[in-house]
Amino acid sequence: MEIEFMGGAGEVGRSGILLKGETNIMLDYGIKIDIKTEYPLKPKKVDACVISHAHLDHSGNVPALYRLGSPQTFATEPTFRLAELLIKDSIKLNKKKHESMKFGNKDLTMLMHRSRSLGYNEEVKFGNAIITLQDAGHICGSAITSVETGGMRIAYTGDLKVSPQLLHKGAEQVECDVLITESTYATRDHPGRENLISQFIDSVKEVIDNRGIALVPVFAVGRAQEILTILGKHHLAEKVFLDGMAAKATEIVLEYPEYVSNYGLLKDSMNRATVIKKHEERSAALEGGNIIVTTAGMLNGGPVLNYITRLNERSMIFLTGYQAENTNGRRLLNDMPLIIDDQKRHIPTPFVFYDFSAHAGQEDLRKYVKGSGAETIICVHGDEESTLDFSNWLSGEGFTAYAPKVGDTIRLK
Ligand SMILES: [Zn+2]
Ligand SMILES: [Zn+2]
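Criteria and thresholds
Residues numbered from 1 in each chain as written. Chains lettered and ligands numbered in written order. Predicted model: local features only at pLDDT ≥ 70, side-chain atom pairs only at ≥ 80, totals over all residues. Heavy atoms only, no water. Donors = N, O, S within 2.8 Å, 3.2 Å for Na, K, Ca; no water. Tetrahedral: all angles 85-135°; square planar, octahedral: opposite > 155°, others 65-115°. Helix = DSSP H or I, 4+ residues; strand = E, 2+ residues; numbered from the N terminus. Buried < 20%, exposed > 50% of the residue type's maximum accessible area, 1.4 Å probe, protein only. Pairing = 2+ DSSP bridges. Core = buried A, V, L, I, M, F, W, Y, C linked by side-chain atoms within 4.5 Å. Domains from an automatic or database assignment. Contact = heavy atoms within 4.5 Å. Axes fitted to C-alpha atoms, helices over the stretch in contact; angles between N-to-C directions. Patch = residues over 30% accessible without salt bridge, like charges linked within 9 Å, V, L, I, M, F, W, Y side chains within 5 Å. Areas by Shrake-Rupley, 256 points an atom, 1.4 Å probe, with all protein chains shown as cover. Salt bridge = Lys/Arg side-chain N within 4 Å of Asp/Glu carboxyl O. Lys, Arg positive; Asp, Glu negative; His and termini not counted. Charge placed at Lys NZ, Arg CZ, Asp CG, Glu CD.

Peer 1: Even after reading the chapter, I still don't get the coordination of the zinc ion (ligand 2), so can you show me in this structure?
Peer 2: Around a metal, the perfect tetrahedron of four donors has angles of 109.5 degrees, and the perfect octahedron of six donors has angles of 90 or 180 degrees. Distances from the zinc ion (ligand 2) to its protein donors, D57 (OD), H58 (NE2), D159 (OD) and H381 (NE2), fall within 2.2 Å. If you look at the zinc ion (ligand 2), its four donor atoms make angles of 91 to 155° with each other, and the shape they trace is irregular. Here the donor residues of the zinc ion (ligand 2) are spaced in sequence according to D-H-x100-D-x221-H. Separating the zinc ion (ligand 2) from the zinc ion (ligand 1) is a gap of 3.7 Å, which D159 spans by donating to each of them. Placement of H58 in helix 1 (residues 56–59) and of H381 in the loop between strand 20 (376–380) and helix 12 (384–396) is noted, with a sequence separation of 323 residues between them. Note on accessibility: H58 and H381 belong to one class, buried.

Given below as structure tokens:
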């Protein structure tokens, strides 16, 4: 048995892990969004693919596998639906940017034809392997994948959140021999959630009570629903205007009550919020005293750019997630002008950053990995510093640990 790292090793983005044995199984096959989209390495042969969750860094290049063959692809049902939404949007975006693509709408259709939905803890046999998904607690439908083959159980966390969020109860503990784990925050912990939420709510209230606009850029899948529900829980849903992919993704999530905690609260918050359907409706949202929850979370396109240049002087921008390098979000954090329609624009509106991460922090990750019972741990989905630091710590604790780079292969005994 060999594991080849096609992407997402020593980096965040374009995740792709190929289990090579009698049958070849690809775990995730995503893209990395940078100035130019980056893709994972191309495999020779793939018999099956498992998508851990809908985010494009895990799902965004799966359709390209249908240019090489016709693998069966497994994921939870909401993952397929949400990934389809995000991938369609990325195809549109690339056409607009005149960027060449590794696949088109036809390949996405092929993928949906060859999709096989799995519920959590439902076993499926593929070739000589048994595949199982468990709740990863990260976003709606997110899964930890276990593959049992050749008397060995290999598990892959995908993106993992151990402690509960409002909409997810936290990851189920996996048990395995070899664990491939994400390492995004292997070097630091997140602030306590309860405190963070009360600070966020106080700050949003202060802005809107003062007739400013609270602009909250969010990722369409996950963060949008979590933030909407947090605002709803604090009786602010009526003030919310929801725009762009954030609204569409929330509608899909609402079709899967069994994949969400506090479903009633999400549904109620969505019902109370105003969904923007047409461009003309945006002026109403820009009246002082409103909260605008909209994509893109890293300010790299989407309706948020429509709003950000039109805020009144009492407004505030609330960043709620990771801002990758070379994005407008990172430029804002670094007090640099944003790039909107190819032009540099200085944004005078003050901003704050709230760490609403849907990834496990250092302490949770360490506990989770130990709880798996695995002797071999492979650290991926983190920058080089994080994956190396994590694997060094694991070696010190007596594990056989690796921090592979893209293109590396690990042979399992
Ligand atoms: Zn994710
Ligand atoms: Zn990820």
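Peer 1: I tried to follow the pairing of strand 9 (residues 143–149) on my own but got confused; where do I start?
Peer 2: The two faces of the sheet receive side chains in turn, since in a regular strand these alternate between them. Across the seven residues that make up strand 9, a large majority, six, are buried. Two strands pair when backbone bridges link them, and strand 8 (residues 129–135) and strand 9 are joined in this way by six bridges, in the antiparallel orientation. Considered in strand 9, the bridge of Q134 is made with I144. Bridge count for strand 9 against strand 10 (residues 152–156) is five bridges, and the pairing is antiparallel. Opposite T149, over in strand 10, you have M152 as the bridge partner. The turn joining strand 9 and strand 10, which pair antiparallel and follow one another in sequence, is formed by two residues; a positive phi near 55° is taken by G150.

Peer 1: Explain the nonpolar core here, please?
Peer 2: A general feature of soluble globular proteins is that nonpolar side chains tend to end up buried together. Residues F200, L231, I291, V293 and F318 are the most contacted members of the largest nonpolar core, which totals 70 residues. Domain assignment of the residues forming this core places at least three in each of domain 1 (2–188 + 358–411) and domain 2 (193–353). Contacts of L231, omitting those with residues within four sequence positions, involve F200, I201, V204, L236, A237, V240, I291 and V293. Core analysis: the next-biggest nonpolar cluster, separate from the first, contains 27 residues, I3, L27, L118 and Y156 among them.

Peer 1: Sorry if this is basic, but what is going on with the sheet that holds strand 7 (residues 124–126) here?
Peer 2: What the seven strands build is an open sheet, ordered 7-8-9-10-11-20-21; its pairing is mixed. Looking at the sheet topology across the chains shown, the edges are occupied by strand 7 and strand 21 (400–402). Going from strand to strand, the sheet's axes swing by 20° on average, the running direction of each strand aside. Note: strand 20 against strand 21, three bridges, orientation parallel. Bridging across to strand 21, I377 finds its partner in A401.

Peer 1: Any chance you could explain the coordination of the zinc ion (ligand 1) here in plain terms?
Peer 2: Those donors, H53 (NE2), H55 (ND1), H138 (NE2) and D159 (OD), are the protein atoms that reach the zinc ion (ligand 1), and they lie 2.2 to 2.3 Å from it. Viewed at the metal, the four donor atoms of the zinc ion (ligand 1) are separated by angles of 90 to 164°, and the geometry they form is irregular. Written as a sequence motif, the donor residues of the zinc ion (ligand 1) are H-x1-H-x82-H-x20-D. On the basis of relative accessible area, H55 is assigned to the buried category, the value being 16%.

Peer 1: Please explain a negative patch on the surface as it appears in this structure.
Peer 2: A cluster of acidic side chains, namely D383, E384, E385 and D389, defines a negative patch on the protein surface. Positionally, E385 belongs in helix 12. Under the relative-accessibility criterion, E385 is labelled exposed at 58%.

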